[in-house]
Amino acid sequence: MTFSFRRRKASSARKIGLPESSSVVELTIPSHFRCPVSLDLMKDPVTLSTGITYDRESIEKWIESGNETCPVTNQVLETFELIPNHSIRKMIEDWSVDKKSYGIQRIPTPKVVLTSYDISDVSLKINVAVNNGDVDKCKELVRKINAWAKENERNKVIIIENGFGFVLSSSFDALANVSIEKHQGLLEEILSTLIWMFPLGLESQCKLVSPSSLRCMAWFLRSKNLSTKQNAVLAIKDLLSLDQQRAISLLEVDQDVLESLFCLLKEPICPASAKANSLMVMYHIITLPKTSEISTSRFLKMGLVSLLLEILVDSEKSLCQKALGVLDSICSTYEGREEARKNALTVPLIVKKILRVSAAATEFSVSILWKLCENGYGDALVEALEVGGFQKVLVALQMGCGEKTKVMATELLKWMNQNRKKLNCFESSADLRYLKKSY
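Reading the values: the criteria
- Residues numbered from 1 in each chain as written.
- Predicted model: local features only at pLDDT ≥ 70, side-chain atom pairs only at ≥ 80, totals over all residues.
- Heavy atoms only, no water.
- Helix = DSSP H or I, 4+ residues; strand = E, 2+ residues; numbered from the N terminus.
- Buried < 20%, exposed > 50% of the residue type's maximum accessible area, 1.4 Å probe, protein only.
- Contact = heavy atoms within 4.5 Å.
- Areas by Shrake-Rupley, 256 points an atom, 1.4 Å probe, with all protein chains shown as cover.
- Patch = residues over 30% accessible without salt bridge, like charges linked within 9 Å, V, L, I, M, F, W, Y side chains within 5 Å.
- Salt bridge = Lys/Arg side-chain N within 4 Å of Asp/Glu carboxyl O.
- Pairing = 2+ DSSP bridges.
- Axes fitted to C-alpha atoms, helices over the stretch in contact; angles between N-to-C directions.
- Phe/Tyr/Trp six-rings, centres within 6.5 Å; stacked < 30°, edge-to-face > 60°.
- Left-handed = near helix turned anticlockwise from the far one by under 90°.
- Nonpolar A, V, L, I, M, F, W, Y, C, P; charged D, E, K, R; others polar.
- Parallel < 35°, antiparallel > 145°, perpendicular 65-115°, else oblique.
- pLDDT = per-residue confidence, 0-100.
- Expected span 1.5 Å × (residues − 1).

Participant: Can you help me understand the overall build of the chain in this one?
Facilitator: Scanning the chain from terminus to terminus reveals 24 helices and five strands. Here the chain holds 439 residues, and 46% of them are scored as buried. Long-range contacts, defined here as pairs at least 24 residues apart, represent 63% of the contacts in the chain between residues at least 6 apart. Carbon and sulfur atoms provide 51% of the accessible area of the chain, an area that totals close to 22,500 Å².

Here it is, written out as structure tokens:
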């Protein structure tokens, strides 16, 4: 490959006996200095297991794109380890210095590449520091890992693949078991680091669902620090998503966790993502048979129905869908249905959300209406008719939905049809023909 470089001073050309018009000269980069992929001068040469040397940035992009072969030899790579080629790098540096007069800049020293050995070394030091109760040393090492992770995505992958999540989970459990108050700052840093490592392996999960770890995360939900609350609810949500039965253990170690979740959801300055995570945790707790009745009753006393309806008024779609899911679960109980019927906003808001949020939200909305109308009786059915519920449910049925939702939608339409003459809410013969076909 040939490149043209202009000398910085025309006088340089005169010194070597060339006319000033020849100040632009062609300089050829040696082929073994160029990356086989990008064809550019290598800045950080590394060698694959096939023996071919590439520029680190180019070959990393190649591998990250899903390729598992050597670009030159097309051999399947036995390992993706990139070995720095110090000999080639030294030759390129010497050549760059020698050609400085042509405008070639000396290639910068590459950043230190993170290796499995580095992670093993930090892991060992953290274990020793935890056993010795050296909090400051632990913080220093955790921050070191975070600094490495922020440099690039490759470092994150190496940290995770070398089992550092288990090291931190074990440390979190051990420190929380000794004293949450004493180690609060360090525990917060560890949890913050663990967040970007999710989902964790089974062994790491087991450490985080121990009584001491769950108690610590529940305790963090009552923290004055909003960031700490966000990390705690996110970790709890991910753990319950992997195994809903863990909700039982969470309630056993801290009965006040329900109030903490409610307060987080009610917090005005709380980000939507944290509220969404809080709703997901509530959903897992309410829908679990062993915890459903008691937890629903407690949430109702706190005023959760009114809070959910407030969320439905002006929140973004993802949050609305989760709020509808929680409300649907609450309406599965008699106490929950009665509380929902008492609020004048319930039926109008539920009807409004049909077909306007998502397919899942529509199914939740139809289910809530079906539960509130209970066998075609009550004020909820009349109110649904008055606010256009028949047309909304009919369109939802025509557009297609799950079998369970289809059954509920059909029953709702039957009940509404039985009351249509009395209320004269709709006159569409096309609607009625479709309804007859659905019977």
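Participant: What is the right way to look at the environment of L221 in this model?
Facilitator: Structurally, L221 can be placed in the loop between α10 (211-220) and α11 (226-242). Take L221: its relative accessible area is 4%, and that puts it in the buried class. In this structure, the C-alpha to C-alpha distance between L221 and V233, residues 12 residues apart in sequence, is 6.9 Å.

Participant: Any chance you could explain a nonpolar patch on the surface here in plain terms?
Facilitator: Residues L355, V395 and M399 make up a contiguous nonpolar surface patch of about 270 Å² in total accessible area. Along the chain, L355 falls in the loop between α19 (346-353) and α20 (359-373). A relative accessible area of 36% places L355 in the partly exposed class.

Participant: What is the right way to look at the sheet that holds strand β5 (residues 83-84) in this model?
Facilitator: Strand pairing in a sheet relies on backbone hydrogen bonds, with the paired strands running either antiparallel or parallel. Within the open sheet, the three strands sit side by side as β4-β3-β5. Their pairing is antiparallel. In this open sheet, the two edge strands, each paired with only one partner strand, are β4 (53-55) and β5. Relative to β5, strand β3 (residues 45-47) is paired through two bridges, and the arrangement is antiparallel. When the bridges of β5 are listed, T47 appears paired with I83. The sheet strands contacting helix α2 (residues 56-64) are β3, β4 and β5, and the helix crosses β4 at an angle near 95°.

Participant: Looking at this structure, how should I read the environment of K207?
Facilitator: Tracing the backbone through its elements, the reader meets K207 in helix α9 (residues 202-208). Under the relative-accessibility criterion, K207 is labelled partly exposed at 30%. Along the chain, K207 and F166 lie 41 residues apart, while their C-alpha atoms are 8.0 Å from each other. With sequence-adjacent residues up to four places away left out, K207 is seen in contact with F166, S169, S170, D173 and S213.

Participant: How do you make sense of unusual backbone geometry when you look at a structure like this?
Facilitator: Trans is the prevailing form of peptide bonds, just as negative phi is the prevailing case for residues other than glycine. Residue P199 is reached from F198 by a cis peptide bond, and omega for that bond is 0°. Take P199: it is sitting in the loop between α8 (184-195) and α9. Phi is positive for L39, close to 65°, though the residue is something other than glycine. Topologically, L39 is positioned in the loop between β2 (24-28) and β3. Positive phi, normally seen in glycine, also occurs at N74, with a value near 65°. Structurally, N74 can be placed in the loop between α2 and β5.

Participant: Could you clarify how one ought to interpret the packing of aromatic side chains in this entry?
Facilitator: We describe a pair of aromatic rings using the distance from one ring centre to the other and the angle between the two ring planes. Throughout the structure, instances matching the rule amount to two aromatic pairs. Their ring planes at 70° and their centres at 5.9 Å tell us that F33 and W95 sit as a pair that is edge-to-face. Of the two residues, F33 is situated in the loop between β2 and β3 and W95 in helix α3 (residues 86-98); the sequence distance between them amounts to 62 residues. There is no split in this pair, since F33 and W95 are both buried. Relative to F220, the ring of W219 lies with its centre 6.1 Å away and its plane at 45°, an arrangement referred to as tilted. Residue F220 is classed as buried on the basis of its relative accessible area of 0%.

Participant: I'm lost on the packing of helix α13 (residues 257-266) against helix α14 (residues 272-286) in this one. Help?
Facilitator: Between two packed helices, what matters for the description is the angle formed by their axes and the separation of those axes. Close contact between α13 and α14 brings their axes to 9 Å; oriented N to C, the two are set at 145°. Between α13 and α14 lies a crossing of left-handed hand. Contact with α13, carried on its side by L258, L261, F262, L264 and L265, involves A274, K275, S278, L279, V281, M282 and I285 of α14 and no other residues of that element. Of the residues contributing to the contact of α13 with α14, the split by class is 10 nonpolar, one polar and one charged.

Participant: Sorry if this is basic, but what is going on with the pattern of salt bridges here?
Facilitator: Side chains bearing opposite charge may pair, as long as their charged atoms lie close to each other. Considering all chains together, one arrives at 18 salt bridges under this definition. The salt bridge partner of D121 is K125, with a shortest N-O separation of 3.2 Å. Taken together, the residues span about one helical turn, with D121 and K125 both in helix α4 (residues 116-132) at a distance of four residues. Across the pair E338 and R341 runs a salt bridge whose closest N-O atoms are separated by 2.7 Å. Placement of the pair is E338 and R341 together in helix α18 (residues 334-342), with a separation of three residues, close to one helical turn. In this structure, a network of salt bridges that share partners links the residues R337, E338, R341 and E374.

Participant: Sorry, what's going on with the packing of α10 against helix α12 (residues 246-253) here?
Facilitator: Axis separation between α10 and α12 bottoms out at 9 Å; the angle between their running directions is 70°. Between α10 and α12, the angle falls in the class roughly perpendicular. In this structure, α10 uses P211, L214, R215 and A218 to contact α12, whose residues at the interface are S249, L250 and V253. Each residue belonging to the contact of α10 with α12 can be placed in one class, and the counts come to five nonpolar, one polar and one charged.

Participant: Help me out: how do you make sense of the confidence of the model for the chain in this one?
Facilitator: Keep in mind that low pLDDT regions are not for reading the predicted coordinates in detail. For the chain, mean pLDDT is 87; residues scoring 70 or higher make up 89% of the total. Here residues 426-430 scores under 50 on pLDDT; set against residues more than four positions off or in separate chains, the count is six contacts. Within the model, the stretch residues 434-439 combines pLDDT values under 50 with 12 contacts to residues more than four positions away or in other chains.

Participant: How should I be thinking about helix α7 (residues 164-178) in this particular structure?
Facilitator: Given 3.6 residues per turn, any residue in an α-helix points the same way as the ones three and four places further on. For α7, spanning 15 residues, the distance from its first C-alpha to its last is 21 Å, which sits close to the expected 21 Å at 1.5 Å a residue. Listed in full, the buried residues belonging to α7 are F164, G165, V167, L168, S169, S170, S171, F172, D173, L175 and A176. Of the surrounding elements, those touching the buried residues of α7 are α4, α5 (135-151), α6 (153-161), α8, α9 and α10.

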